[in-house]
Amino acid sequence: MSDLQPSKLGTKEHWDSVYEEELANFEEIGDEGEVWHVIRSFGTESVEKMVEWALEHVPSSSNASILEVGSGNGTLLFGLLDAGYDPITLSGIDYSRGAVSLAKEIASKRGGGAQSISFSECDFLKDEPKVLDSTQGADESGVWDVLMDKGTYDAIALGQKDENGKSPVEKYPGRVTRLLKPGGYFLITSCNFTEDELNASFTTEETSLLYHSRIQHKTYTYGGKSGSICSSVAFRKRLP
Ligand SMILES: C[S@@+](CC[C@H](N)C(=O)[O-])C[C@H]1O[C@@H](n2cnc3c(N)ncnc32)[C@H](O)[C@@H]1O
């Protein structure tokens, strides 16, 4: 896996200040904030593709419980809502309180059921995400049918290493395993890691995750080499 150097994008202080500003803009001029991106098209295009993936593999009729890790301003979950998913089955967690407030404010301005999406403050690496009402398909033991990530694994990979040189991101695959039901899906979109790197990190013996599918993103050719601006891979947790 790429050995990334820690950066401010891996700190909570950075995200708190981003969302504090976006929240102020939203309250003042109704601007929903950036769909996080490195290249402008990354944000909206990847939301559309992740929603298409969901419609194909976990259609809204399945009533699957879906948790977005690091939901920011909620764009992906609003995309799922617009595609017909029952808002009661959709949840987002973010460790930045400002992100949670912004997503809730956008939800209430949008209406149309968006207020029923659950947004809560939670550190994915440490805390247990709020369990949905058991009548809505989530399991009481706190496990989910689908986890989704767009850019959060990337941000965590830029966090400070501990005294043993371990990056916080090393805890991430184990948390996915803990929070997924057997047979559940984990769909991740990353701008920092290739599909091979994501595969190597998530399909280890400890995770019980298996490669499931990928999303084809736009490709570019530069200096005779082809590549995509981001990678999206889905994994499935083994059935017992
Ligand atoms: C690059 S942004 C992506 C936001 C959103 N998914 C999007 O695509 O617009 C990364 C998000 O992850 C959140 N985040 C980073 N580390 C986290 C952690 N340990 N637990 C929960 N959220 C985290 C940040 O606050 C930020 O909202």
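Residues numbered from 1 in each chain as written. Predicted model: local features only at pLDDT ≥ 70, side-chain atom pairs only at ≥ 80, totals over all residues. Heavy atoms only, no water.

By the naming in an unreviewed UniProt entry, the chain goes by Protein-lysine N-methyltransferase EFM4 and is assigned to Laccaria amethystina LaAM-08-1. UniProt, in its Subcellular location (unreviewed entry) section for the chain, records the words "Cytoplasm". Regarding the chain, the UniProt comment filed under Sequence similarities (unreviewed entry) reads as follows: "Belongs to the class I-like SAM-binding methyltransferase superfamily. EFM4 family." (UniProt positions renumbered as here; feature names shortened; annotations may be inferred.)

Q: Which parts of the structure should I look at to understand the overall build of the chain?
A: Of the regular secondary structure elements, the chain holds seven helices and nine strands. Counting across all 240 residues of the chain, residues that qualify as buried make up 50%. A fraction of 76% describes how many contacts in the chain between residues 6 or more apart in sequence connect residues 24 or more apart. For the chain, the accessible surface area stands at approximately 11600 Å², while carbon and sulfur atoms represent 49% of it. (Helix = DSSP H or I, 4+ residues; strand = E, 2+ residues; numbered from the N terminus. Buried < 20%, exposed > 50% of the residue type's maximum accessible area, 1.4 Å probe, protein only. Contact = heavy atoms within 4.5 Å. Areas by Shrake-Rupley, 256 points an atom, 1.4 Å probe, with all protein chains shown as cover.)

Q: So what exactly am I meant to see when it comes to the site of the ligand here?
A: In the vicinity of the ligand lie 16 residues, with Y19, G70, D94, D123 and K150 positioned nearest. Between the ligand and D123 there is a distance of 2.9 Å, counted from a nitrogen atom to a side-chain nitrogen or oxygen. The separation between an oxygen atom of the ligand and a polar side-chain atom of T152 is 3.3 Å. In the complex, 98% of the free accessible area of the ligand, which totals 590 Å², lies under the protein chains. (Near = heavy atom within 4 Å. Polar contact = N/O pair within 3.5 Å; in protein donor to acceptor, adjacent residues only side chain to side chain.)

Q: Looking at this structure, how should I read helix α6 (residues 172-179)?
A: Given 3.6 residues per turn, any residue in an α-helix points the same way as the ones three and four places further on. Of all the eight residues making up α6, six are buried; the element is thus mostly covered by neighbouring parts of the structure. Along α6, the residues that are buried comprise Y172, P173, R175, V176, T177 and L179.

Q: What should I look at first to understand the sheet that holds strand β5 (residues 180-190) in this one?
A: The pairing of strands in a sheet happens through backbone hydrogen bonds and is either parallel or antiparallel. Across the sheet, which stays open at both edges, the seven strands sit in the order β3-β2-β1-β4-β5-β9-β6 with mixed pairing between neighbours. The outermost strands of the open sheet, each flanked by one partner alone, are β3 (118-121) and β6 (209-215). Strand-to-strand twist of the sheet, defined as the mean angle between neighbouring strand axes without regard to direction, takes the value 20 degrees. Bridge count between β5 and strand β9 (residues 231-237): six bridges; the pairing is antiparallel. The partner of L187 across the bridge, within β9, is A234. The strands touched by helix α3 (residues 75-82) are β1 (66-69), β2 (90-94), β3 and β4 (144-150); relative to β2, the strand with the most contacts, the crossing angle is about 175 degrees. (Pairing = 2+ DSSP bridges. Axes fitted to C-alpha atoms, helices over the stretch in contact; angles between N-to-C directions.)

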